[in-house]
Amino acid sequence: MTRRLAFSPNHRSLYITTNKITSLRSLYRWVAPDVPNGAIVIDISRIDSIWKGQLTKRFTLCNDKTMEATSLTIVYYASGNNSNNPNKMETMDFIVPDPTDYMHLVTSLDNLIKLYRVQKQSLGTPLRVLEFYFVEMGKKMDDYMSLNEFCTLCQVLNGPFKTKSDSVGTLYRDLLKKVRKSTQNDVQDLPFWAIVELLKDVEQLSKQVSGLSLVKQDPVSKLWNEILATDPVPDTAKGGNKAPAKVATTLEQEFQARSTISNVAFLSFLRSQQKDFKAQPDHAAEIIKKLKEQVGTSQDLLSLNDEVVDLDEKADDRLDKAKFLSYLMADDNDLFDPTMGEIHDDMTYPLSSYWISSSHDTYLSCESLNEEGLPTQSGGELYMNALSRGVRCLELDVWDSVGPEEEPVISRQEPSPCALTLEVVLKIVRQFVLANPQCYPVLLNIENHCSFKLQEIMAKQLYRILGSIGLLVVPDDSQTTDGKDLLPSPQSMMGKVLVIGKRPDVIKEGARIVNDDYDDENDDFGRFGLVNVKSRNEEEDEELEEMKNGVVIGFDTAGPIRSTDPDPTLTRHTAGELLWMEKSTLESKRIDAANAELEAIRAADQAETAENEMDELIAEVGLTKDQVIAMSTRLNDGNAEPDDPGPLADRSEDEGVEVQEFFADAVEGARDEFSRADADAIKAAEQATSALQELNAATTRLRQAEKNMDQARADERKTINKYQRAAAEARAQREDYDQMQERVLKLKEMLMQMDKSASSAENVVSTAVTEAKISEKRAAETEARAARAAATAAKDRAWADEENHKEEKLEKLATSLHDKMAKATDEIERLRLEMEKAAHSLDKTIEQIKLIENSSQYITETEEAGGEEKKINSPSSAGKTILKHARKVEERETQSSRLKKLSINLTAAENSRRKIQLEFEKRAVEWKEQTNIAAKARKQADKSSQIAEDLAEDAEEEREAANLRRVARERAESNISAKGENRESLKAQLAEAEKQAAQAKLAAKEARMEASRLTHLNDNIDNHEDLKAEVERRKEERDVALQLYENKVTFQKETTNKAAEARRRFDLSEVVYKEAMRNASEVEQSQNAQRHNDRKLIVLYNSATLARKHAEHAFEKARYVQSLVIEQELIVQRARDYKDKTERICEIPTSLARMTFLNTTKYRYWTKSFTLPNTNAHSFAQNVLDKILGQAEKDIRNLTEFTTEHLCRTFPSWKAARADRLNVDPLHQWAMGCQLVALNMTAFDEHVMKSDGRFRYNGSCGYVLKPASLRHVHSISETREKWSIAVLCGSYLPSPISKRTGSFVNPYVKVSMYGSDQKNLHYRTKAVKKNGLNPVWNDEQGFEFVCKVPSMSMLVFSVWDKDPDCPDGFIGAAAMPISCIREGYRSVPLFDRYHTRNGAHAFSSLLVHAQRNAT
């Protein structure tokens, strides 16, 4: 789709539309939300980052690499109009055809984003809040806001107001009137700058609506009043402010708002309440200056009525309440110490010394779950999000693709056609590392499911994308490398990528690896039992060289049967074929076992039928079973003749001989033959049963012999393991002894040094005492001289002051005379000027008179008037010229008179000036003389003062020296005392060390003896030839017993057939006998029938006995065949194990092996783990790790010991996962030293919050140095800390994602303390009803807890919305290590579920009071 982009005129928004842009007006028209296909507007403030290249899932599905160089993705936070979750990042992809346009666009976006972020730092919180919500509402900063829109804004801000609150409307309308009056403009809505000020009034109104007394219950107001009352420099203008006639708040609140505190009071607050004892006045002034520079209010509002805004300018060094509240809620006042949020740890330790932020199944998103409630796969955005979040270990499960393109893809199980490609993920990692060259190494944990061909492609992609530009950390394959070398440090791998995977010990062509540690299989102990329980040949099977020891031709219960016959004609079967053959044999034996069991059941039924017939006949004849057994025994033993009536019981003696004689010889012979054949069959059955029992016994003896053989081999392995453990224990004990001995030597050396320094210390004390006395004397003398000099200086200063006073008096008099003389001079000059003017006027008047007198008109008029006297005496009859002449004459007289007067005044002024000048000259001489005298006095006073000051300094120095020598004396004396105490302490420590050394020596000796004994025992271990011979002998016995059994079975079948034939002949003779009996007399028939029944009874008894023997034999045979089935099942299991192992052994390309730095190795047992090179790492599922560590206490120590030099990774168990709990507590794994504790980062829960809080430390770089106790560094155990946390209030809390717009928020705070070695503690505040704008909890009770190990414990704040109709909704949270928190009134900035402070969460925070108490 073709898109068109444009920037808004104010450079604040980016417009994206699919329509042709003819002008900006047309673009604005398409921006309208109600127009179909309208433009998308992205405000610059919402853009998170710019990704270069084709990195998103949309680009992957497009699969067009031709324009990758000019492709980019804008990552932004969707506005409220475009998303239900405003904090969730979305992406928009672009391909710019022209490379020049591409660079211009990228450069412009980068510059605008940087400019906005710089500008944002200068904006106050209210201004940033309104700016954000203006954008949310689709308005520009120069737009006006109506009353309805402002009421909607109050609802969005979660204020406790109804949809159209009267109180909010009143505030709006009052301010609108003042705006109209101020601007002389009849506006209908308020501009942005007025809304900023209106928001402040709404915040105050919010607290009033919530029923809060602002002065008494508001914690900020209470704190402000306390500071205000103790301010040593009160506000001088505070009392001069006149309360307005009409205000919206009370007079006391208005007074508070107008009051200010001084720099001194603020500094006192920092030191006393915030416990910032290092704070200086410059620091407090800097904070105040920074707060005042923030743009939090509109300057245009200052022109409004005084009832709204105070026009008095506040002093630069004073802080008002609004700015103080801004300081309290600012991020700089975070409870989490900002200095801990910088790179704080030493990053030069080995990689195993750090906790590393790790992600499990990074490619899965827990926001969308499948039918089983487990996460589903998402795009590559999750990898960029994880890296931006601080994750530095990413998981990549790599498979062969299923599409036409052969390339490695990322998937949890068998991949889909649209699976994420490995190439995209590697490019994301490359872009992040290049954009952040100072980041510490990114670890790629690759779980390799690929074929050899795809592995080669994987290696090429790794090199092309990362290795070719030097981003890969390649291991050193030189022969000089020691496997026990320490891992490199994060500092040495800065800006690099490190690969974790399978790597052979020796890298060469054809090298093979065993893929035996996939996460899904390590998720449980598996079908083979515990992972550290080993079969007979497992030690040998672990070596790949075992595959060269011969061709496997079959299996027995011990394992594969190999043939070393080099015959090329020998059939070589694959592992799968061998398994199929053994399974076929198992099925055949199972059928034989089923048939044998059916045969036994049929024989048992036949025996039961015969026994029932015998019992019925016994009851009919009237004999007992014992009598029948006795007759049968006599007859079968040959002690009675067939005609002998003795065996017949209860027969009369007078029975006739005729009946016996009736039987023919054939009948009697048949009976005798049947009886003998029947007896032979019974004996044969008994012999066969006896032979079968002997066979079973021989088989049992063979099984016991094999069991003894296995037990001997197990004992051998146990002996070897014991020897290895004993050797390790002996080494450890020897090292402990050496350490103890070294400590004894050090203590002895310290004791000797202390003894040597004891005598010198006494000399030092004596010297110090003498010097202290001398210095004290010199100080007293110097102080006396200084006092005398000070008295002299004071006397001289008084004389100088007196002379100065005289000088000043004369100076004033001379100055006065000089001023008078100047005035007189000015007066003379004035008089002279006036005389000059008067003389000039007189001359001018005389000249005019002359002109008039010489004029013809004057002469004519004079003549006509009869002379001058006439004219003057009769002015009425004089002419004009004569009158004019008369006026000029009169004027001349006046001017002459004035000139004379001025002359007199000038003379008087000159005389006066002359007198003043004489007086001034006289006083000037006196002044000059006095000045010399005063200068001399001042010089003398200065000299005396200088002498006094010098002597005072000398006295002070001498006094300081005396004090120092006194302190030195006291220290020397205390040093002697301390040395005595230390000497006694050293003696005690030496005695204890010698005792421990002796014990360690004894333990080392015992361990060495035990190791020697086990070594001797190990050397004497034979090859179990006697047990092998026993097994072979038992096999021969079983074969003999089997042959005997088969012979007896054959003989039994022959005798059984003979007995059946005799029975047939006897039955035939019996028919003849019955026919003869019918022809006899009734008495003879009765007697003969009785005798016949007796004989028949004996035959039935013998038949039942034989049938029972057959049944017992059948059951014995069934048990034997079932034992063969059990044996074959074990053989099939061995074949299946062999097949699984051979399938896991695969060849790895040398190019991929050389780029793999860390080798993942499956855990077997700790003794073997400790022998592994440091580049080997273990992975454990959480439930498996729990079971391993639950076997013995020492396993925990073994794990901690292993992680000091090796990496260990743990991950959640998918088998134990639930949709609401996909992670486990990481604190316990961290406490055992595990570095890579992988979590599902998209599954928001308290465990992810702990991880976010843990890695806020150390600059959020993803690496945190483990405590010294987990690095085998000698360290002092941490001190227990007792804390009290009180939640006071909140600010600008957003609504939960699931909350319906317009609904009220009822927030409450949950505070949790999680410790690795103690019970988790939780505390919860009450819920504030219907106020998320500025809720006040004012929690007086607080949350008190004692933390045993602060560096290993986490403090978590989470804010929730109490909703009676549905589960409580999450608002925001913050987590931090307890070792990083600060005391005082602190803010807790809240993060969203993605651990970002974007959108509405950029302003939300809590105010708490934290206090450390004595434990």
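Residues numbered from 1 in each chain as written. Predicted model: local features only at pLDDT ≥ 70, side-chain atom pairs only at ≥ 80, totals over all residues. Heavy atoms only, no water.

*Asks:* How would you explain a nonpolar patch on the surface if you had to name every residue and give the values?
*Replies:* Together, Leu-598, Ile-601 and Phe-1115 make up a nonpolar patch on the protein surface, roughly 250 Å² of accessible area in all. Tracing the backbone shows Phe-1115 in helix α26 (residues 1082–1144). For Phe-1115, a relative accessible area of 34% corresponds to the partly exposed category. (Patch = residues over 30% accessible without salt bridge, like charges linked within 9 Å, V, L, I, M, F, W, Y side chains within 5 Å. Areas by Shrake-Rupley, 256 points an atom, 1.4 Å probe, with all protein chains shown as cover. Salt bridge = Lys/Arg side-chain N within 4 Å of Asp/Glu carboxyl O. Helix = DSSP H or I, 4+ residues; strand = E, 2+ residues; numbered from the N terminus. Buried < 20%, exposed > 50% of the residue type's maximum accessible area, 1.4 Å probe, protein only.)

*Asks:* Please give an account of the packing of helix α14 (residues 422–435) against helix α15 (residues 452–465) that cites residues and values.
*Replies:* Direction vectors running N to C along α14 and α15 enclose 25°, while the axes themselves pass 10 Å from each other. Here α14 is positioned roughly parallel relative to α15, judged by the angle of their axes. As α14 packs across α15, the resulting crossing turns out to be right-handed. Residues Leu-422, Glu-423, Leu-426, Lys-427 and Arg-430 of α14 lie in contact with α15, whose contacting residues are Met-458, Gln-461, Leu-462, Arg-464 and Ile-465. Considered class by class, the residues forming the contact of α14 with α15 number five nonpolar, one polar and four charged. (Axes fitted to C-alpha atoms, helices over the stretch in contact; angles between N-to-C directions. Parallel < 35°, antiparallel > 145°, perpendicular 65-115°, else oblique. Left-handed = near helix turned anticlockwise from the far one by under 90°. Contact = heavy atoms within 4.5 Å. Nonpolar A, V, L, I, M, F, W, Y, C, P; charged D, E, K, R; others polar.)

*Asks:* Kindly report on the nonpolar core, identifying the contributing residues and their values.
*Replies:* With 63 residues, the main nonpolar core has Leu-335, Phe-1345, Leu-1355 and Phe-1357 as its most contacted residues. Looking at which element gives the most residues to this core, the answer is strand β31 (residues 1369–1377), with six residues. Residues Leu-55, Cys-439, Cys-1146 and Ala-1153 belong to the second largest nonpolar core, which totals 48 residues. (Core = buried A, V, L, I, M, F, W, Y, C linked by side-chain atoms within 4.5 Å.)

*Asks:* Quick one: what's the story with the pairing of strand β30 (residues 1354–1361), residue by residue and with numbers?
*Replies:* Both faces of the sheet carry side chains from a regular strand, because those side chains alternate between them. The buried count for β30 comes to seven of eight residues, which makes it a mostly enclosed element. Sheet topology note: the strand β27 (residues 1307–1314)/β30 ladder contains eight bridges and is antiparallel. When the sheet's bridge partners are listed, Ser-1312 is paired in β30 with Val-1356. In this sheet, β31 lies alongside β30 in antiparallel orientation, the contact comprising eight bridges. Following the sheet pairing, Trp-1360 is matched in β31 by Phe-1370. (Pairing = 2+ DSSP bridges.)

*Asks:* Go over the sheet that holds strand β6 (residues 89–95), please, and point to the residues and values.
*Replies:* One open sheet accounts for three strands, arranged β4-β5-β6; its pairing is antiparallel. Where the open sheet ends on each side, the last strands, each with one partner, are β4 (47–52) and β6. Strand-to-strand twist in this sheet, taken as the mean axis angle between neighbours without regard to direction, amounts to 20°. Of the strand pairs in this sheet, β4 and strand β5 (residues 71–77) are connected by five bridges, and their pairing is antiparallel. Counterpart to Lys-52 in the pairing with β5 is Leu-72.

*Asks:* Account for helix α6 (residues 166–183), naming residues and giving values.
*Replies:* The end-to-end C-alpha separation of α6 is 25 Å, in line with the 26 Å expected for 18 residues at 1.5 Å each. Every buried residue belonging to α6 is among Val-168, Gly-169, Leu-171, Tyr-172, Leu-175, Leu-176 and Val-179, and all of these are buried. Seen from one end, α6 has its buried residues packed into an arc of 160°, which puts them on one side. Exposed positions of α6 whose direction lies more than 90 degrees from the buried face are Asp-166, Lys-177 and Lys-181. Looking at the buried side of α6, the elements it contacts are α5 (147–156) and α7 (192–209). Following α6 by one or two positions, Gln-184 adopts a phi angle in the positive range, close to 55°. (Expected span 1.5 Å × (residues − 1). Arc of directions from axis to C-beta.)

*Asks:* Describe the sheet that holds strand β29 (residues 1343–1347), listing the residues and the values that go with them.
*Replies:* Spatial ordering of the open sheet is given by β29-β26-β33-β32, a layout of four strands whose pairing is antiparallel. The sheet is open, and its two borders are formed by β29 and β32 (1384–1389), each paired with just one other strand. When the angles between neighbouring strand axes are averaged without regard to direction, this sheet yields 35°. In the sheet, β32 pairs with strand β33 (residues 1405–1413) via six bridges, with the strands oriented antiparallel. By the bridge assignment for β33, Ser-1387 is matched with Leu-1407. Of the strands in this sheet, β26 (1281–1291), β32 and β33 are in contact with helix α12 (residues 321–329), which crosses β32 at around 65°.

*Asks:* Could you give an account of helix α13 (residues 381–389), with specific residues and numbers?
*Replies:* For α13, the buried fraction is high: seven of the nine residues fall into the buried class. Within the sequence span of α13, burial applies to Glu-381, Leu-382, Tyr-383, Met-384, Ala-386, Leu-387 and Arg-389.

*Asks:* Please give an account of the pairing of strand β22 (residues 1176–1181) that cites residues and values.
*Replies:* In terms of burial, β22 is largely enclosed, as six of its six residues are buried. Both faces of β22 are covered, namely the face carrying Asn-1176, His-1178 and Phe-1180 and the face carrying Ala-1177, Ser-1179 and Ala-1181. Where strand β21 (residues 1158–1160) and β22 come together, two bridges link them in parallel fashion. Within β22, the residue paired with Thr-1160 across the bridge is Ala-1177.

*Asks:* Please give an account of the pattern of salt bridges that cites residues and values.
*Replies:* Enumeration over the complete set of coordinates arrives at 40 salt bridges. The shortest N-O distance in the salt bridge between Asp-331 and Arg-1397 comes to 3.0 Å. With Asp-331 in the loop between α12 and β9 (354–359) and Arg-1397 in the loop between β32 and β33, the pair connects residues that are 1066 residues apart, well separated along the chain. Arg-959 is the salt-bridge partner of Glu-776, the closest N and O atoms lying 2.9 Å from each other. Of this pair, Glu-776 sits in helix α21 (residues 665–854) while Arg-959 sits in helix α24 (residues 880–1019), and the two are 183 residues apart along the sequence. The class for Glu-776 is partly exposed, based on a relative accessible area of 37%. When salt bridges that share partners are traced, they join Glu-827, Arg-830, Glu-834 and Arg-898 into one network.

*Asks:* Pulling in residues and values, what's your account of the environment of Thr-70?
*Replies:* In this structure, Thr-70 sits in the loop between α2 (57–62) and β5. Exposure remark for Thr-70: the relative accessible area of 8% places this residue in the buried category. Sequence-wise, Thr-70 and Pro-99 are 29 residues apart; in three dimensions their C-alpha atoms are separated by 6.1 Å. Of note is the side chain of Thr-70, whose polar atom sits 2.9 Å from the backbone oxygen of Val-96. (Polar contact = N/O pair within 3.5 Å; in protein donor to acceptor, adjacent residues only side chain to side chain.)

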